[in-house]
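Structural description and commentary
Residue-level listing of the chains:
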Amino acid sequence: MGGAPNKKENREKFHGRKDHNGVALLPRKRFYRQRAHANPFSDHTLEYPISPKHMDWSEYYPAFASEASETQPDSPRQLTKNVEIVDIGCGFGGLLMALAPILPDSLMLGLEIRTHVTQFVQEKIWALREQNGGQKYQNAACIRANSMKFLPNFFKKEQLSKIFICFPDPHFKARKHKARIVSTTLNSEYAFVLRPGGIVYTITDVEALHQWMVEHFNSHPSFERIPDDEAEQDPCVDVMRRETEEGKKVERNKGLKFVALFRRLEDPSW
């Protein structure tokens, strides 16, 4: 029987589509909607490298990929620079799209666990690259990944300069707190992949979650909170407030946004 096309058919229909002038069309968000959150403890049949050196980033950042090695043609192509900015749970990629032109020399990556949402961000980045003649958005990419399980599989020690945690799932019930993206254990992983002086950016509209994140980062020996007056001078903070989908929703509802930044400290000499 016939009928209106479903979301999958619409996604396939608009994949790689161009207008009458040959300009790539951006994907339509309504065809990529999924549940707001996914269970990070479930088996999502994810693909991940066994170590950072086994990750082939060339398909995500082709403009920054070196030539294939003649002596080791099957080894991953190396990048001319490392990924250094990560948006954990990037959603529909608003932060990535806003930061990419502002920080054109920094490779940034969105990590998203939901399949269709990841696909939307990837296709939007590809379309924006084409719309801009390959001159912009080459430094942004998105992959499907579970950062609670596999962050050290993608990034080596002290590789990152910035980690963004924007409007994470609050997991209100006490028995669900173990699924929060900020915890004593996960903060140690953030400390591992962040270089000294690197920054974790957090924002939420849930005050109790904000207090939870502040408490856990403050109690961790590898982090110190950046004073609010210093944090407000960071241009990334304004972008973080304005450009994420959740941030815009909170703005429309005239809600509050709680921001806190934490700096990675130098490790003790011992």
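Residues numbered from 1 in each chain as written. Predicted model: local features only at pLDDT ≥ 70, side-chain atom pairs only at ≥ 80, totals over all residues. Heavy atoms only, no water.

Some remarks on the nonpolar core
Side chains of a nonpolar character, in soluble globular proteins, are inclined to be buried together. Among the nonpolar cores identified, the biggest contains 42 residues, and Trp-57, Tyr-61, Leu-109, Leu-111, Phe-155, Ile-163 and Tyr-190 are the most heavily contacted of them. Looking at this core element by element, the count peaks at 5 residues for helix 6 (residues 207–218). Not counting residues within four places of it along the chain, the set of residues in contact with Tyr-190 comprises Ile-88, Leu-151, Ile-163, Ile-165, Ile-181, Phe-217 and Phe-223. (Core = buried A, V, L, I, M, F, W, Y, C linked by side-chain atoms within 4.5 Å. Buried < 20%, exposed > 50% of the residue type's maximum accessible area, 1.4 Å probe, protein only. Helix = DSSP H or I, 4+ residues; strand = E, 2+ residues; numbered from the N terminus. Contact = heavy atoms within 4.5 Å.)

So, the packing of aromatic side chains
Using the criterion set out here, one finds 10 aromatic pairs in the structure. On the basis of an interplanar angle of 45° and a centroid distance of 6.3 Å, the ring pair of Phe-154 and Phe-155 is categorised as tilted. Each of the two residues, Phe-154 as well as Phe-155, counts as buried. Ring pairing ties together the aromatic residues Trp-57, Tyr-60, Tyr-61, Phe-154 and Phe-155, which thus form one cluster. Lying across the ring of Trp-212, Arg-180 places its NZ or CZ 4.6 Å from the centre. (Phe/Tyr/Trp six-rings, centres within 6.5 Å; stacked < 30°, edge-to-face > 60°. Lys NZ or Arg CZ within 6 Å of the ring centre and 35° of its normal.)

Overview of unusual backbone geometry
In this structure, Tyr-137 takes a positive phi of about 70° despite not being glycine. A residue is classified by how much of its surface remains accessible, and Tyr-137, at 14% relative accessible area, is buried. The backbone of His-171 shows a phi angle near 45°, a positive value even though the residue is not glycine. Positionally, His-171 belongs in the loop between strand 4 (160–166) and helix 5 (184–193).

Some points on the side chain of Asp-87
Mapped onto the elements, Asp-87 comes out in strand 1 (residues 83–88). Each residue touching Asp-87, except ones within four places of it in the same chain, is listed here: Leu-95, Leu-96, Leu-109, Gly-110, Leu-111, Phe-164 and Cys-166.

Topic: the pattern of salt bridges
A complete count under the given rule lists 11 salt bridges for this structure. The partner of Arg-263 in a salt bridge is Glu-230, with the nearest N and O atoms 2.5 Å apart. Within this pair, whereas Arg-263 is found in strand 7 (residues 258–264), its partner Glu-230 is found in helix 7 (residues 228–231), the two being separated by 33 residues in sequence. Residues joined by salt bridges that share partners form a network here, namely Glu-224, Glu-230 and Arg-263. (Salt bridge = Lys/Arg side-chain N within 4 Å of Asp/Glu carboxyl O.)

Overview of the UniProt feature "binding site: S-adenosyl-L-methionine" (unreviewed entry) in the protein chain
Following the UniProt record, one finds the feature "binding site: S-adenosyl-L-methionine" (unreviewed entry) at Gly-89, Glu-112, Ile-113, Asn-146, Ser-147, Cys-166, Thr-244, Glu-245 and Glu-246. Assignment of secondary structure puts Gly-89 in the loop between strand 1 and helix 2 (94–102). Beyond its immediate chain neighbours, meaning those up to four positions away, Gly-89 contacts Leu-111 and Glu-112. Along the chain, Ser-147 falls in helix 4 (residues 147–154). (UniProt positions renumbered as here; feature names shortened; annotations may be inferred.)

Description of the side chain of Ser-147
Owing to a relative accessible area of 9%, Ser-147 belongs among the buried residues under this scheme. Residues in contact with Ser-147, not counting those within four places in the same chain, are Ile-88, Leu-111, Ile-181 and Glu-189.

Considering the environment of Gln-78
Within the fold, Gln-78 resides in the loop between helix 1 (7–14) and strand 1. You can call Gln-78 partly exposed: its relative accessible area is 48%. Separated by 25 residues in sequence, Gln-78 and Lys-53 place their C-alpha atoms 9.0 Å apart. Residues in contact with Gln-78, not counting those within four places in the same chain, are Phe-64, Ala-65 and Ser-66.

Remarks on the environment of Asp-205
In this structure, Asp-205 sits in the loop between strand 5 (194–204) and helix 6. Excluding its chain neighbours within four sequence positions, the residues that come into contact with Asp-205 are Phe-167, Val-250, Leu-256 and Phe-258.

Description of the UniProt feature "active site" (unreviewed entry) in the protein chain
Per the UniProt entry, the sites bearing "active site" (unreviewed entry) are Asp-169 in this numbering. For Asp-169, the position within the fold is in the loop between strand 4 and helix 5. At 3.0 Å, the side chain of Asp-169 forms a polar contact with the backbone nitrogen of His-171. (Polar contact = N/O pair within 3.5 Å; in protein donor to acceptor, adjacent residues only side chain to side chain.)

Re the packing of helix 4 against helix 5
Describing two packed helices takes the angle between their axes plus the distance from one axis to the other. Across the interface, helix 4 lies against helix 5 with an axial gap of 10 Å and an inter-helix angle of 20°. The angle between helix 4 and helix 5 places the two elements in the roughly parallel class. As for the relative orientation of helix 4 and helix 5, their crossing is left-handed in sense. In this structure, helix 4 contributes Ser-147, Met-148, Leu-151 and Pro-152 to the contact, and helix 5 contributes Leu-186, Glu-189, Tyr-190 and Val-193. By residue class, the composition of the contact of helix 4 with helix 5 is 6 nonpolar, 1 polar and 1 charged. (Axes fitted to C-alpha atoms, helices over the stretch in contact; angles between N-to-C directions. Parallel < 35°, antiparallel > 145°, perpendicular 65-115°, else oblique. Left-handed = near helix turned anticlockwise from the far one by under 90°. Nonpolar A, V, L, I, M, F, W, Y, C, P; charged D, E, K, R; others polar.)

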